[in-house]
Amino acid sequence: MVPGGLGGLGGGGRGAGLCLLRWLGLRLWSRRGTLVFALLWFGSWLFLNGLVFVHRTILSDYCTDDKSRRILQRLCVEYGEGVVSGDMCDDLCVHGLVEYKRCLYYENGKKVIEARWRDKPVILKSKLENFSSYEPLGILDYQETTEELSPLDVVFYATLEVRNSLGLADEEEEEEGGAGGGAGGGNSSLAKLWGQKLKNRDKSYSKAELASLWSLLQQEEYTFLRVLQDLSIHVAKVLGSCGHFYAVEYLSAGHAWDQNIFSLDEVAVSGLQGQGGERGGRWTTRDVVHRIALSFLDMVWHFDHDFTHRLHLCDIKPENFAIRKDLTVVAIDVDMAFFEPKMRDILDQNCTNDEDCNFFDCSSRCNIQKSRCSPQRRNSNLQVICEKIFRSWFSPTLLGAKAGLPLQVELQRAVQECSETDGGEEKEEGGGGGEKGRGRDIYQRLLTVLTRLLEEGGASREGGGSREGQGHAHTALNF
């Protein structure tokens, strides 16, 4: 009996154990299932939010022809209602002389469109999609419908806006008015020059003209290009405007993946033809590259010395430059270009080390004792161009067998030293010429070597920097 009793007891224990295991298994499976469900729910939530994010940030800003055409159609409706004005409006909205081609760029409201105006390629730009998105000119709210502002009133308000956009202060311009030196009106105040252009008009301005001008002046790139195009061959030309959209000359931008940076196909047809029938009438690709490099140097010198204030380029990359058919280098994206007063304001920030004092391609040094960045830029336009453009152009890999030639070796050394030399105004401790003097020496070395390479190659000494014809005069409020 005892064994049987023990056996029965043991069987009951095993059964209870199995039940316990089943119960624990169900609990574990229940918890695992809950965890899986929670993970699936969380993953679905992330996926749906990701779709919303992609739609809002990418699809909503996606360049589409339909949306671009609707934007221009809405602009023409506003022109027909007398809300906007401009020298391109009639051709765009009435005569059909502006032909839409395609949308090039659209992000956060900024619209860039390729078009043809009177059979010439142009780029249409606006910082914001809608005219109503710009701040209105406050004085227009207090003006009677039939009352018009005099040219002097327009000069006053436009000059203030230009000063604010370019970061130029009255006191600094008056103090440094005669210090700029150089060609192209370096001693003139840019804002005063703009005001003088507006003043050269006999009749008053309508509300549509003023409202359109005000929307354009709120776009830093338009103000920059419009003011400088009469002073520099190295910025894109503003050809006209309608409302808040303005047209600039069409130029093919550079590309980092292109070994020559710029596509020389179009230039090879019309610009590579030698002048005077010399040497079979063609330049080599290296001759063209050397000419473009010389135009870069000319642009650097021009921006450093030919204005009242030095002009700093803080976003230097191939995509922000283009070349004309005469091989002149042109800055086509100047959203990150600043004159000296505004540059100092940008750099003058709190810091803990030098890395805190970097603003894109413009940098300064951190004063650890004061925990403050120096307002003086440490590097220079030339240094960054040498580092980001010249080094790839004149690398031994790209030059091949010619890399060992004496002039090419000298050029490579000059470019290497240029990319490693700070070019700001600050002098080295202990006196001496400082980095500024070294920067000028390197500039002269590059200029000399490139000129000798051109002469050695037998290239023409003319071209590369001539001003193109003044086809369409975009003056005063003929914008």
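Structure first, text after, so check above.
Residues numbered from 1 in each chain as written. Predicted model: local features only at pLDDT ≥ 70, side-chain atom pairs only at ≥ 80, totals over all residues. Heavy atoms only, no water.

Caption draft 1: Layout of the nonpolar core. Counting 69 residues, the largest nonpolar core has Phe224, Ile292, Phe296, Phe390, Trp393 and Leu446 as its most contacted members. Of the residues forming this core, the biggest block, 10 residues, is contributed by helix α10 (residues 285-305). Non-local contacts of Leu446, meaning those with residues more than four positions away in its chain, are made with Leu297, Leu382, Cys386, Leu411, Ala414, Val415 and Cys418. (Core = buried A, V, L, I, M, F, W, Y, C linked by side-chain atoms within 4.5 Å. Buried < 20%, exposed > 50% of the residue type's maximum accessible area, 1.4 Å probe, protein only. Helix = DSSP H or I, 4+ residues; strand = E, 2+ residues; numbered from the N terminus. Contact = heavy atoms within 4.5 Å.)

Caption draft 2: Examining the sheet that holds strand β1 (residues 98-107) more closely. Pairing is antiparallel across the open sheet formed by five strands, whose spatial order is β1-β2-β3-β5-β4. What marks the edges here is a single partner per strand, and that holds for β1 and β4 (238-242). Within the sheet, the average angular offset between the axes of one strand and its neighbour, ignoring direction, is 25°. The pairing of β4 with strand β5 (residues 245-249) spans four bridges and is antiparallel. Among the inter-strand pairings, Cys242 is bridged to a residue of β5, identified as Phe245. Contacts from helix α2 (residues 65-80) reach β1, β2 (110-117), β3 (120-126), β4 and β5, with the element oriented near 115° to β1. (Pairing = 2+ DSSP bridges. Axes fitted to C-alpha atoms, helices over the stretch in contact; angles between N-to-C directions.)

Caption draft 3: The arrangement of the pairing of β5 in detail. A large share of β5 lies buried, amounting to five of its five residues. Here four bridges tie β3 to β5, and the two strands are oriented antiparallel to one another. Along β5, the bridge assignment pairs Leu124 with Ala247. Connecting the antiparallel pair β4 and β5 is a turn made up of two residues, with Gly243 showing a positive phi of about 60°.

Caption draft 4: The arrangement of the packing of α10 against helix α12 (residues 381-393) in detail. For the pair α10 and α12, the least separation of the axes is 11 Å and the interaxial angle reads 170°. If you check the angle between α10 and α12, you find them roughly antiparallel. For the pair formed by α10 and α12, the contact residues are Arg286, Val289, Ile292, Ala293, Phe296, Leu297, Met299, Val300, Phe303 and Asp304 on the first element and Asn381, Leu382, Ile385, Ile389, Phe390 and Trp393 on the second. (Parallel < 35°, antiparallel > 145°, perpendicular 65-115°, else oblique.)

Caption draft 5: The arrangement of the state of the cysteines in detail. In the structure shown here, the tally under the stated rule is seven disulfides. Here Cys63 engages in a disulfide with Cys103; their sulfurs sit 2.1 Å apart. The disulfide joining Cys63 to Cys103 has a torsion of about -45° about its S-S bond and is therefore left-handed. Residue Cys63 is found in the loop between α1 (2-59) and α2, and its partner Cys103 is found in strand β1; the two are separated by 40 residues along the sequence. Comparing Cys63 with Cys103 shows no difference in burial state: the two are buried. Residue Cys89 pairs covalently with Cys242 via a disulfide, S to S 2.0 Å. Here Cys89 and Cys242 share a disulfide; its torsion about the S-S bond, 105°, makes the bridge right-handed. A residue pair is termed long-range when its members are at least 10 positions apart, and Cys89 in helix α3 (residues 89-94) and Cys242 in strand β4 qualify at 153 residues. As far as the burial class goes, Cys89 and Cys242 line up, both buried. (Disulfide = S-S within 2.5 Å.)

Caption draft 6: Quick look at helix α7 (residues 207-217). Counting buried residues along α7, 10 of its 11 residues qualify, which places the element largely inside the surrounding structure. Among the residues of α7, Ala208, Glu209, Leu210, Ala211, Ser212, Leu213, Trp214, Ser215, Leu216 and Leu217 are the ones counted as buried.

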